[in-house]
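# A structural walkthrough
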Amino acid sequence: MIHTPRLSMIFFLAIGTFIFSQEKKKNFSTQNVLARIIPNDKIDFWTLVQNNYGKNEEIKTSGAKKDYAPQSSGFNITPTEDSFYYIVYSEAGKLNYITEIAGLKDFIGKVDNVEEAALAQVLEGYVIDEQFAHVAGNYYEDKANYYLDLGKVTSKECPYEKKHFTVTVNKATSQISEVKENGTYIELYTKKCPNNPRLLKIEKKEEPKDEPKKKPVRKRK
């Protein structure tokens, strides 16, 4: 028979192992996500540039730097970004520019890390919502999978709505094995929304009440 003290120790060891085996969630950062791209093609040189209020700043440069033309447009991967990004790269001596987010797909190629896994999902319509990173802009991982908490605009009508999801991506195959919907985290109504609950309450208050019927006055004889 196992004595109680030993049972307690086994219990706490099991709990400790469980807690420490669960990796703490880490928030995504736009710059870090883009800077962690590992191109799969033979790239001579590439640089990630952020344009903030007309000022260009090189966030990351890899390879022998080459002269390039600053771009006046680019892409964002988060909905709250005021600035934009673009990528310049040289392949077989030819300069190329990525100013549209769709151009990242071929540049990324095979998913090499959690940041590229997140970018791959952004290309499929998800968003890294840094403003609400606790529900729609973080991740954790284990030996087999990446677990990405991302947002998605699910309605542009009334109300404007965003939901958050946990997307499980297999590390070996880069394929999604599960998508779990976690509910709505933004629901915005406008004055034009016919289903605006605030307006419906106001209309209910303003409904005319039926006036009580007056009793007929009897004339005295």
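Whatever comes next refers back to the structure up there.
In this report, we go over the structure that sits alongside the text. (Residues numbered from 1 in each chain as written. Predicted model: local features only at pLDDT ≥ 70, side-chain atom pairs only at ≥ 80, totals over all residues. Heavy atoms only, no water.)

Further remarks concern the sheet that holds strand β3 (residues 55–63). The sheet built from four strands is open, its strands ordered β3-β2-β4-β5 with antiparallel pairing. Strand pairing shows two members of the sheet lacking a second neighbour, β3 and β5 (94–98), which therefore form its edges. Across the sheet, the mean angle separating the axes of adjacent strands is 20° when strand polarity is ignored. Sheet analysis places strand β2 (residues 45–52) next to β3, joined by eight bridges and oriented antiparallel. Of the residues in β3, the one forming a bridge with Asn51 is Asn56. (Pairing = 2+ DSSP bridges. Helix = DSSP H or I, 4+ residues; strand = E, 2+ residues; numbered from the N terminus. Axes fitted to C-alpha atoms, helices over the stretch in contact; angles between N-to-C directions.)

Phe28, Leu34, Ile37, Ile87, Leu104 and Leu148 are the most contacted members of the largest nonpolar core, which has 31 residues in total. Elements that contribute at least two residues to this core include exactly α2 (30–35), β2, β4 (84–91), α3 (104–108), α4 (114–122), β7 (145–155) and β8 (160–170). Ranked by residue count, the leading element in this core is α4, at five residues. Setting aside residues no more than four positions away along its own chain, Leu148 makes contact with Phe28, Val114, Ala117, Ala118, Gln121, Asn138, Tyr139, Phe165, Thr166, Val167 and Val169. Listed in part, the six residues of the second largest apolar core include Val49, Phe84, Tyr86 and Val88. (Core = buried A, V, L, I, M, F, W, Y, C linked by side-chain atoms within 4.5 Å. Buried < 20%, exposed > 50% of the residue type's maximum accessible area, 1.4 Å probe, protein only. Contact = heavy atoms within 4.5 Å.)

The next thing to look at is the side chain of Thr30. Within the element layout of this structure, Thr30 appears in helix α2. Given the relative accessible area of 2%, Thr30 is considered buried. Once you skip the residues sitting within four places of it in the chain, Thr30 turns out to touch Ile77, Thr78, Glu81, Tyr85 and Glu130.

Take the packing of aromatic side chains next. Inspection of every chain in the model, using the stated rule, returns six aromatic pairs. Over the aromatic face of Phe165 sits the side chain of Lys152, whose NZ or CZ is 6.0 Å from the ring centroid. (Phe/Tyr/Trp six-rings, centres within 6.5 Å; stacked < 30°, edge-to-face > 60°. Lys NZ or Arg CZ within 6 Å of the ring centre and 35° of its normal.)

Here we come to the state of the cysteines. Overall, the coordinates contain one disulfide when judged by the stated rule. Through a disulfide, Cys158 is tied to Cys193; the S-S separation comes to 2.5 Å. Between Cys158 and Cys193, the disulfide has an S-S torsion of -85° and is therefore left-handed. Placement of the pair is Cys158 in the loop between β7 and β8 and Cys193 in the loop between β9 (176–188) and α6 (197–206), with a sequence separation of 35 residues. By relative accessible area, which is 32% here, Cys158 ends up partly exposed. (Disulfide = S-S within 2.5 Å.)

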